[in-house]
Amino acid sequence: MIIYKTEDEIKLMQTSALMVSAALSEIAKVLKPGMTTLDIDRLAAEFIRDNDAVPSFLNYSGYPHNICTSVNDVVVHGFPNNVPLRDGDIVSVDVGVYKNGFHGDHAYTFILGEIAPEVLKLVRITKESLFEGIKHAVVGKRVGDISNAIQTYTEREGYGVVRELVGHGLGRAMHEDPQVPNYGRKGSGIMMKENLVLAIEPMINLGTRHVFTDEDGWTIRTEDGKPSVHFEHDVCIKKGEAFVLSDYTPIEIAEKANANLNSSYYEL
Ligand code: MF3
Ligand code: CO
């Protein structure tokens, strides 16, 4: 069932989405080699609780942490752990908050220090592919138009588009209809109407598109061990141009100011 939101509900959803952006910005300010993903988890959870909200992922289908931190070959749903991050790692940080009855759910991939140029390009292209998808998140287009834009933009580079995990509707539940795959045919899927809110989240692999689940039952890894990148925005369908509820601007400002993070892909 597709649930369209009222303007008042969209304002509340923007509050939740921007709280995730703010949490990701706090992380971007301090992230550096030597920190652990559990440090990131604690920082995010504290920020969320201080803002009178609840981390959406904790206990979701039994998920045992506040956020997901997916390092290098981990695609998504990585458990925060006590392994120090190293120069040259990439880490996707996926944060959900629940406030005023609505979820925000968005993600950003950070780069620690010096990194192989091919991985830097994977990060840049994956981020750009999200915005290619968002161009189609407008009234009258179909979900498959978003999917196809992401697939076309990334497969052109020879990357693997993960099929097993998809974006989704977002609202009072973290996962609402419809599913938003990162692959598909133009003109397929439901036609989108005003005030549908979607979490669009390309998960793109440097090598094979194939993935597997770790023994922990959650962690999704690339089959070939090559890196994978994940970016996610919360997007409200509007006429002519989508209204992006979440915001990368404060994250990017913090990322550029943090000498331990490599943001050189902006200049490529
Ligand atoms: N962004 C992810 C999603 O949309 C977060 C879910 S992780 C979970 O599915 F742990 F909460 F399941
Ligand atoms: Co999501």
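Bear in mind that the values here come from a model prediction, so they are computed numbers and not experimental data. (Residues numbered from 1 in each chain as written. Chains lettered and ligands numbered in written order. Predicted model: local features only at pLDDT ≥ 70, side-chain atom pairs only at ≥ 80, totals over all residues. Heavy atoms only, no water.)

Two measures define how a pair of helices packs: the angle their axes make with one another and the distance between the axes. Contact pair helix α3 (residues 117–134) / helix α4 (residues 143–155): the axes reach a minimum separation of 8 Å and the direction vectors enclose 150 degrees. Comparing the axis directions of α3 and α4 gives the class roughly antiparallel. Crossing hand, α3 versus α4: right-handed. Residue-level contacts link Ile125, Glu128, Ser129, Glu132 and Gly133 of α3 to Ile146, Ala149, Ile150, Tyr153 and Thr154 of α4. (Axes fitted to C-alpha atoms, helices over the stretch in contact; angles between N-to-C directions. Helix = DSSP H or I, 4+ residues; strand = E, 2+ residues; numbered from the N terminus. Parallel < 35°, antiparallel > 145°, perpendicular 65-115°, else oblique. Left-handed = near helix turned anticlockwise from the far one by under 90°. Contact = heavy atoms within 4.5 Å.)

Moving on: the coordination of the cobalt ion (ligand 2). Distances from the cobalt ion (ligand 2) to its protein donors, namely Asp105 (OD), His168 (NE2), Glu201 (OE) and Glu232 (OE), fall within the range 2.1 to 2.3 Å. The coordination sphere of the cobalt ion (ligand 2) comprises 6 donor atoms, whose angles at the metal cover 66 to 167 degrees; the geometry is irregular. Of note, the donors binding the cobalt ion (ligand 2) are all from one chain and are spaced D-x62-H-x32-E-x30-E. Taken as a pair, His168 in strand β7 (residues 167–169) and Glu232 in the loop between β13 (228–230) and β14 (233–236) lie far apart in primary sequence, 64 residues in all. (Donors = N, O, S within 2.8 Å, 3.2 Å for Na, K, Ca; no water. Tetrahedral: all angles 85-135°; square planar, octahedral: opposite > 155°, others 65-115°.)

Pairing within the open sheet is antiparallel, and its 3 strands lie in the order β6-β10-β13. The open sheet has two free edges, formed respectively by β6 (160–161) and β13, since each of these has just one partner strand. Strand direction decides the pairing type here: β6 and strand β10 (residues 203–205), joined by 2 bridges, are antiparallel. The residue bridging Gly160 from the neighbouring strand is Asn205, located in β10. With respect to the sheet, α3 is in contact with β10 and β13, its orientation differing from that of β13 by roughly 35 degrees. (Pairing = 2+ DSSP bridges.)

A separate point is the site of ligand 1. Taken together, 13 residues lie around ligand 1, and Tyr63, Asp94, Asp105, His168 and His175 are the ones closest in. Asp94 is positioned such that a nitrogen or oxygen atom in its side chain is 2.6 Å from a nitrogen atom of ligand 1. Glu232 places a polar side-chain atom, nitrogen or oxygen, 3.1 Å from a nitrogen atom of ligand 1. Expressed as a share of its isolated accessible area of 330 Å², the protein-covered part of ligand 1 is 95%. The class makeup of the residues in the shell around ligand 1 is 6 nonpolar, 3 polar and 4 charged. (Near = heavy atom within 4 Å. Polar contact = N/O pair within 3.5 Å; in protein donor to acceptor, adjacent residues only side chain to side chain. Areas by Shrake-Rupley, 256 points an atom, 1.4 Å probe, with all protein chains shown as cover. Nonpolar A, V, L, I, M, F, W, Y, C, P; charged D, E, K, R; others polar.)

Moving on, we get to the pairing of β14. The alternating pattern of β14 places His233 and Val235 on one face and Asp234 and Cys236 on the opposite face, and all of these are buried. Both strand β9 (residues 197–200) and β14 contribute to a ladder of 4 bridges, which runs antiparallel. Bridged to Val197 within β14 is Cys236. Sheet topology note: the β14/strand β15 (residues 243–244) ladder contains 2 bridges and is antiparallel. Paired with Val235 across the two strands is Val244, which belongs to β15. Hairpin connection between β14 and β15: a loop of 6 residues separates the two successive antiparallel strands, and Gly240 in this loop has a positive phi of roughly 80 degrees. (Buried < 20%, exposed > 50% of the residue type's maximum accessible area, 1.4 Å probe, protein only.)

Further remarks concern the pattern of salt bridges. The full count for this structure, using the stated rule, is 14 salt bridges. A salt bridge links Lys121 to Glu157; its shortest N-O distance comes to 2.8 Å. With Lys121 in helix α3 and Glu157 in the loop between α4 and β6, the pair connects residues that are 36 residues apart, well separated along the chain. What makes Lys121 partly exposed here is its relative accessible area of 31%. In this structure Glu157 comes out as partly exposed when scored by relative accessible area, which is 27%. (Salt bridge = Lys/Arg side-chain N within 4 Å of Asp/Glu carboxyl O.)

So yeah, pure geometry; function would need other evidence.
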